[in-house]
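# Structural overview
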Amino acid sequence: MGEPLVVMKDVNKHFGDLHVLRDINLEVASGEVVIVIGPSGSGKSTLCRTINRLETFESGSITIDGDPLPLEGKSLARLRADVGMVFQSFNLFAHKTILENVTLGPIKVRKEKKADAERHAMELLERVGVALQADKYPAQLSGGQQQRVAIARSLAMRPKVMLFDEPTSALDPEMINEVLDVMVQLAKEGMTMVVVTHEMGFARKAANRVVFMADGQIVEQAPPSDFFTNPQSDRAKDFLGKILTH
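The text that follows walks through the structure, step by step, so that each part is easy to find. (Residues numbered from 1 in each chain as written. Predicted model: local features only at pLDDT ≥ 70, side-chain atom pairs only at ≥ 80, totals over all residues. Heavy atoms only, no water.)

Quick look at the overall build of the chain now. Along its length, the chain carries nine helices and 10 strands. Relative to the globule expectation of 18 Å for 246 residues, the C-alpha radius of gyration of the chain, 18 Å, shows essentially globular dimensions. The buried share among the 246 residues of the chain stands at 53%. Long-range pairs, those at least 24 residues apart, make up 68% of the contacts in the chain with a sequence separation of at least 6. Accessible area of the chain: about 11,700 Å², with a carbon and sulfur share of 49%. (Helix = DSSP H or I, 4+ residues; strand = E, 2+ residues; numbered from the N terminus. Rg over C-alpha atoms; globule rule 2.2 N^0.38 Å. Buried < 20%, exposed > 50% of the residue type's maximum accessible area, 1.4 Å probe, protein only. Contact = heavy atoms within 4.5 Å. Areas by Shrake-Rupley, 256 points an atom, 1.4 Å probe, with all protein chains shown as cover.)

Let's shift gears to helix α6 (residues 173-188). In an α-helix, one full turn covers 3.6 residues, which means residues spaced three or four apart are oriented alike. A rise of 1.5 Å per residue sets the reference length of α6, with its 16 residues, at 22 Å; its end C-alpha atoms lie 23 Å apart and thus fit the reference within 8%. M175, I176, V179, L180, V182, M183, V184, L186 and A187 are the residues of α6 that are buried. Elements in contact with the buried residues of α6: β3 (33-37), α4 (114-127), α5 (143-155), β7 (161-165), β8 (192-196) and α7 (200-206). (Expected span 1.5 Å × (residues − 1).)

Keep in mind these values describe shape, not function.
Here it is, written out as structure tokens:
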């Protein structure tokens, strides 16, 4: 693993009276795949969304590649360009073609030439298996295809780290694997990734480290081989007991 790329120190956040993130300390090294799991309402998605300031936080600090998270303005836009984000919903622009969706960021934010952006976009669409759909519109694609386009769109910005917030939870079961396969491939190629997911098979296969959250806290973290066979906390044992017995 490389240098720490994402560093969260004593991060706290409330939604009203609810303390959703409690003294979160987390480092993600360059090239590391960290999978965040835990029961609903444990703060997983909020943690993921604070890393690129889609959610604000009250105290503590977050740095990306050594730089503190900017509050707003151009520097925040630059940071967001370095941090790719893939959500549950695909958030593609409905009135733009697949190719236009993927080239928009590089042309507008990275100031790439259109021809270069399109060439890179086609390589990425090829990589995620939807190159043949380049001229179609999002509504003409399946959910699994749209999510793979969303991954390609994030990759087009050449991000330092990719955040995935339950990227398969809105998909039909038969489409889940086609998205996870792309993510496994990314992990193998050394992309730094923070993934919030319920897909335990993926966690076992792709994670360098599993981070288990409950009640806004990181309860334990370990390599998947250790975590799934020998969880240390009662909360994790209880959680795994519920999900691995079905």
